[in-house]
Amino acid sequence: MLKSLLSSPNRVHCITTVAPSLRVKHESNSLLDAVGRLTGLTRRSPTNSLFRAFFCSDSSDGSGSGSESQPVVEVEEKGVESESDGSDSKASSAIVPAYPRPEDYLTVLALPLPHRPLFPGFYMPIYVKDPKLLAALQESRKRQAPYAGAFLLKDEPGTESSSSSESEKSVYDIKGKELFNRLHEVGTLAQISSIQGDQVILIGHRRLRITEMVSEDPLTVKVDHLKEKPYDKDDDVIKATSFEVISTLRDVLKTSSLWRDHVQTYSQHIGDFNFPRLADFGAAISGANKLQCQQVLEELDVHKRLQLTLELVKKEMEISKIQESIAKAIEEKISGEQRRYLLNEQLKAIKKELGLETDDKTALSAKFRERLEPNREKCPPHVLQVIEEELTKLQLLEASSSEFNVTRNYLDWLTVLPWGNYSDENFDVIRAQTILDEDHYGLTDVKERILEFIAVGKLRGTSQGKIICLSGPPGVGKTSIGRSIARALNRKFYRFSVGGLSDVAEIKGHRRTYIGAMPGKMVQCLKNVGTANPLVLIDEIDKLGSGHAGDPASALLELLDPEQNANFLDHYLDVPIDLSKVLFVCTANVVGNIPNPLLDRMEVIAIAGYITDEKMHIARDYLEKTAREACGVKPEQVEMTDAALLGLIENYCREAGVRNLQKHIEKIYRKIALRLVREGSSNEPDIIGKVVQPSDAKAEVDDESDHHAAANVDAESVGNISHESETSVQDDTVQTNDQKDSMDATDNKEHQETEATKAVEKVLVDTSNLADFVGKPVFHAERIYDQTPVGVVMGLAWTAMGGSTLYIETTLVEQGEGKGALHITGQLGDVMKESAQIAHTLARAILLEKEPDNPFFANSKLHLHVPAGATPKDGPSAGCTMITSLLSLAMKKPVRKDLAMTGEVTLTGKILPIGGVKEKTIAAKRSEVKTIVFPSANRRDYDELTANVREGLDVHFVDDYSQIFSLAFEYDDNNTGN
């Protein structure tokens, strides 16, 4: 605070003239001695020379020049005239003799002070920008009347105190009456010591009060000279207050050398040191604001003035204490950090001299070079060049700089990648076939494609990367087969999902300039697997997102393009990476959601799902074994019949995949584990070995809620209890063997008991008790009619569950002349509604051709319904089924027994191809349908089905509805089964 005060534009300076012929008042001796004791100085002895002392503490108002505060003492011998008489430049440090006396001046020029008031005994430099006022001051000084009034400028109403430059600017703009109203009434009579350019040095003499304005430009005022109110010099209160001021000054001097300089100069060159002057001195050198200083200046009561000054110096003392505590805390912190830093540097130097530790940068460079050395010959030249440049850059950087960490991380990624490091591939087709068959049943298309890939690699002697996309419904094994393919090819496996990914940086990496930047997924993949030819499984590629961070689908174009990924550029590494040897396997549920440019780069292999026979094999060979091991159940403790598995698949798990089937099998084995634990803790050993019949199984759990509660039993606790039971059996066996050694007569009996204890309880799961384990069936028989009645025909539909049969029912609402109409229900989509209208039109034409005299459609209001009503249905493949249903009602003749059909029909009777041949065939076979009608264009799809799917089916391929009419209605009545 003190330092800022001295450098402020309103510095106050003190000047005092002392002559040896002047008497020092008796009352001031004690105060002078007290101030002398404050500073520890000895007052100089008066000499016969007249000397002038100026206290010049860096006099500058912010824009002028300022030098360090130096007390300047100029001494003149008696009788020697000053050479500065008549010269303004040389008289700047002299008090001009004033005749008449200062108190005789009752009209003075008014000088505004913007920052602080001028106290008597101090000097202040100000700048005068008004040419008229400056000329008046110079003229006044030449006329041997170098006095003016210095008055503090009031703040403008409604505004806060602004900066010094703004205040001075406003002072220069204010003139005349406005300036007169803005001046404080009480000011100081100031002697004009010198004028240098527009800088005027003022020395305070005595207090003034403005009485009235004389002239406006320049502002001249009449003043009254003020004197202190009479006071008792021996008053104890005044003495005590002054001593307290001195005591406070002593405390401040201990913390501030600047204040010590003030007091030292003032005490050496003060003449009349009295109580009022002490109050002015304390207020002048304090850091108080201008209003507080003005209050001291206006106070004429000496006691009150001392009290105001005491408050100001007390505040300075508190500020000095806070400053000291802040300085001490910062010094301790800095010194502690410096000490720790020096000790660490010394420790490093000592370790380096002893060879115990190398420099951080040297150690890092050695680590990176050592990591790169095994792959140096395989590493591309452009990558080696970048690494060497970065290593050189690392040596030039300071370890504390942020660039050092960026370079270190960059080198870490560059040197850890497997440049040119490939794993040995398996080109044995037979071994690969065995591995694929071990892990997955079916999926012939996928396995065949992988074997083709291996065969091509064997003939070429090397393999190239490919991009394969496996599409199909959930749970068919798209993700799990990726790991099996990697094992068959002897490649490293890495999987990452892009479902919901919306940031391009996840694929291409971040720029190294970003905080927390990282490479993309492919660079992370190469680091994790350690080879440059892994199998990368990109899961859920049809669920890519897009947001403000870019379009990841477009970023994948470079990654999945065989022509571009040989020079894949990651934003973080910024060097090309060869990904041409990587085998990419992508998975998707719906191929239509993949952008066409991306789909064009992939080889799509569709996985339609598993039929019942395939699910049976998968459940027996994979799912049941896995669930049994997970629940701690031994194979000899449970038996699940084929009928139970078939019922589970047909009535609970009809979806294309096997994920739901796996959940149900795990649920069955959890309940079996709970039952084994309960019976093992309550039953005696003599009933062990008993086969639990369906009636016993039903008695265990009666309610479906009990099933869910039992399913939550921890498999780990079940395994522990089973282990304890097994241990007890082993203990009994050991005991029996000991008895056999000691008792030969009972050897056969003991052996039989040992075999009995080895027998384990077996739980039988059959169709009769399947509902006790998994609850009531979710699906029921799709076949509603053994023999379809008139107006009802069975169709075939594709669903997410794999396929199902679908009945089209038509009935007569009313008949009457010209009432022909068709009403449709069954929650049908727009395409299916259009198919119904086409079927109605075509059926009228066919009936007119077959039975010209039958006006059924013209006079009948019909109602066509497709059960079940809660299931949304849409698609064109039910057209031929709807026509057959309408014709059956019109001719009052049912269709052939065990007949199902599917196909889109046109207005001219042509049958167009449909989709989902495999699923529809399986659905027909599940419903025990013997005869199926397919469009001729679907013959190739049907021929691709396995023999077990086609077995027992009579399939007819048609391209015109007339062929369907013959199959449906032209049959022998004796063989219909009616």
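Note that the structure is predicted; figures quoted are calculated from it, not measured.

(A) Representation of the overall build of the protein. In terms of regular secondary structure, the protein is built from 35 helices and 28 strands. For the protein, the residues scored as buried account for 46% of the 978 residues in total. Within the protein, residue pairs in contact and separated by at least 24 positions form 77% of the contacts whose partners lie at least 6 positions apart. Taken as a whole, the protein presents about 49,200 Å² of accessible surface, with 50% of it coming from carbon and sulfur.

(B) Main features of the environment of T825. Its place among the elements puts T825 in strand 22 (residues 821–825). Along the primary structure T825 and G869 are separated by 44 residues, whereas in three dimensions their C-alpha atoms are 7.7 Å apart. Here H865 takes part through its side chain, which lies 2.8 Å from a polar atom of the side chain of T825.

(C) Here's a closer look at the sheet that holds strand 10 (residues 467–471). Spatially, the five strands line up as an open sheet ordered 11-12-15-10-16, and their pairing is parallel. Each of the sheet's edge strands pairs with one partner strand only, and the pair in question is strand 11 (493–497) and strand 16 (603–606). Along the sheet, successive strands turn relative to each other by an average axial angle of 20°, direction set aside. In the sheet, strand 11 pairs with strand 12 (residues 535–539) via five bridges, with the strands oriented parallel.

(D) Main features of the packing of aromatic side chains. One pass over the full model with this rule turns up eight aromatic pairs. Their ring planes at 75° and their centres at 6.2 Å tell us that Y410 and Y572 sit as a pair that is edge-to-face. Note that Y410 is positioned in helix 13 (residues 402–416) and Y572 in the loop between strand 13 (568–569) and strand 14 (576–577), a separation of 162 residues in sequence. Accessibility assignment for this pair places Y410 and Y572 in one class, buried.

(E) Broad picture of the sheet that holds strand 22. Taken in spatial order, the seven strands line up as 22-23-21-20-24-27-28 in an open sheet, and their pairing is mixed. The sheet terminates laterally at strand 22 and strand 28 (954–958), the two strands that pair on one side only. Strand-to-strand, the axes of this sheet are offset by a mean angle of 30°, without reference to chain direction. In the sheet, strand 21 (residues 804–815) pairs with strand 23 (residues 860–865) via six bridges, with the strands oriented antiparallel. When the bridges of strand 23 are listed, T810 appears paired with L864. Relative to the sheet, helix 32 (residues 917–926) contacts strand 20 (792–797), strand 21 and strand 27 (931–935), its axis offset from that of strand 21 by approximately 75°. Packed onto the sheet, helix 35 (residues 961–969) meets strand 24 (899–901), strand 27 and strand 28 and runs at close to 150° relative to strand 28.

(F) Fine view of a nonpolar patch on the surface. On the surface, a nonpolar cluster with roughly 370 Å² of combined accessible area is contributed by I322, I326, I330 and I334. Mapping I330 onto the fold places it in helix 10 (residues 302–354).

(G) Local environment of the pattern of salt bridges. Within this structure, the stated rule accounts for 25 salt bridges. Note that E212 and K222 form a salt bridge whose closest N and O atoms lie 3.8 Å from each other. A residue pair is termed long-range when its members are at least 10 positions apart, and E212 in strand 8 (residues 199–215) and K222 in strand 9 (residues 220–225) qualify at ten residues. Classification of E212 as partly exposed rests on a relative accessible area of 40%. By relative accessible area, K222 is classed as partly exposed at 37%. Ionic pairing is found between R620 and D642, a salt bridge with its closest N-O pair at 2.7 Å. Of this pair, R620 sits in helix 21 (residues 612–631) while D642 sits in helix 22 (residues 642–651), and the two are 22 residues apart along the sequence.

(H) Expanded view of the packing of helix 15 (residues 444–460) against helix 16 (residues 478–489). Remark: helix 15 packs on helix 16, axes separated minimally by 11 Å, with the N-to-C direction vectors making an angle of 25°. With respect to helix 16, the axis of helix 15 lies roughly parallel. Like other packed secondary-structure pairs, helix 15 and helix 16 cross with a definite hand, here right-handed. Across the interface between the two elements, V446, I450, F453 and I454 of helix 15 pack against I481, I485 and L489 of helix 16.

(I) Inspection of helix 32 at higher detail. When you tally the buried positions in helix 32, you get seven out of ten residues, the bulk of the element. What helix 32 keeps buried is the set V917, E919, K920, T921, I922, A923 and A924. Packing partners of the buried residues in helix 32 comprise strand 20, strand 21, strand 27, helix 33 (939–943) and helix 34 (947–950). Of the residues one or two after helix 32, E928 is the one with positive phi, at around 60°.

(J) Spotlight on the packing of helix 12 (residues 381–396) against helix 13. Two numbers describe how helix 12 lies on helix 13: the axes approach to 10 Å, and their chain directions differ by 150°. For the element pair helix 12 / helix 13, the angle class is roughly antiparallel. Judged by the sense of rotation from one axis to the other, the crossing of helix 12 with helix 13 is left-handed. In contact with V386, I387, E390, L391, K393 and L394 of helix 12, helix 13 contributes E403, F404, T407, R408, Y410, L411, L414 and T415. Tallied by class, residues from the contact of helix 12 with helix 13 come to eight nonpolar, two polar and four charged.

(K) Representation of the pairing of strand 15 (residues 583–588) in the model. Extensive coverage of strand 15 is indicated by the burial of six of its six residues. As judged from the five bridges shared by strand 10 and strand 15, these two strands associate in the parallel manner. Residue pairing for strand 15: L470 is matched across the bridge by T587.

(L) A look at the side chain of S580. Along the chain, the position of S580 falls in the loop between strand 14 and strand 15. Beyond its immediate sequence surroundings of up to four residues, S580 is in contact with Q464, G465, N565 and A566.

(M) Quick look at helix 10. Along its 53 residues, helix 10 runs 76 Å from first to last C-alpha, staying within 8% of the 78 Å computed at 1.5 Å per residue. Along helix 10, the residues that are buried comprise V302, R305, L306, L308, T309, L310, L312, V313, E316, M317 and S320. The opening residue of helix 10 is D301, an N-cap whose side-chain oxygen sits 3.1 Å from the backbone nitrogen of H303.

(N) Geometry of unusual backbone geometry. Of note, the bond from P867 into A868 is cis; its omega dihedral lies within 30 degrees of zero at -5°. If you trace the backbone, A868 turns up in the loop between strand 23 and helix 31 (879–891). Even without being a glycine, E540 presents a positive backbone phi close to 55°. Unlike most non-glycine residues, K892 shows phi in positive territory, near 55°. Position of K892 relative to the elements: it lies in the loop between helix 31 and strand 24.

(O) Region of the structure containing the confidence of the model for the protein. This prediction gives the protein a mean pLDDT of 75; 76% of its residues lie at or above 70. Looking across the protein, the model is least confident in strand 3 (residues 70–76), with a mean pLDDT of 32, and most confident in strand 27, with 93. The low-confidence segment residues 34–98 (pLDDT under 50) makes 119 contacts with residues lying over four places distant or belonging to another chain. Every residue in residues 684–759 scores below 50 in pLDDT, and together they form 59 contacts with partners more than four places removed in sequence or on other chains.

Definitions and cut-offs
Residues numbered from 1 in each chain as written. Predicted model: local features only at pLDDT ≥ 70, side-chain atom pairs only at ≥ 80, totals over all residues. Heavy atoms only, no water. Helix = DSSP H or I, 4+ residues; strand = E, 2+ residues; numbered from the N terminus. Buried < 20%, exposed > 50% of the residue type's maximum accessible area, 1.4 Å probe, protein only. Contact = heavy atoms within 4.5 Å. Areas by Shrake-Rupley, 256 points an atom, 1.4 Å probe, with all protein chains shown as cover. Polar contact = N/O pair within 3.5 Å; in protein donor to acceptor, adjacent residues only side chain to side chain. Pairing = 2+ DSSP bridges. Axes fitted to C-alpha atoms, helices over the stretch in contact; angles between N-to-C directions. Phe/Tyr/Trp six-rings, centres within 6.5 Å; stacked < 30°, edge-to-face > 60°. Patch = residues over 30% accessible without salt bridge, like charges linked within 9 Å, V, L, I, M, F, W, Y side chains within 5 Å. Salt bridge = Lys/Arg side-chain N within 4 Å of Asp/Glu carboxyl O. Parallel < 35°, antiparallel > 145°, perpendicular 65-115°, else oblique. Left-handed = near helix turned anticlockwise from the far one by under 90°. Nonpolar A, V, L, I, M, F, W, Y, C, P; charged D, E, K, R; others polar. Expected span 1.5 Å × (residues − 1). pLDDT = per-residue confidence, 0-100.

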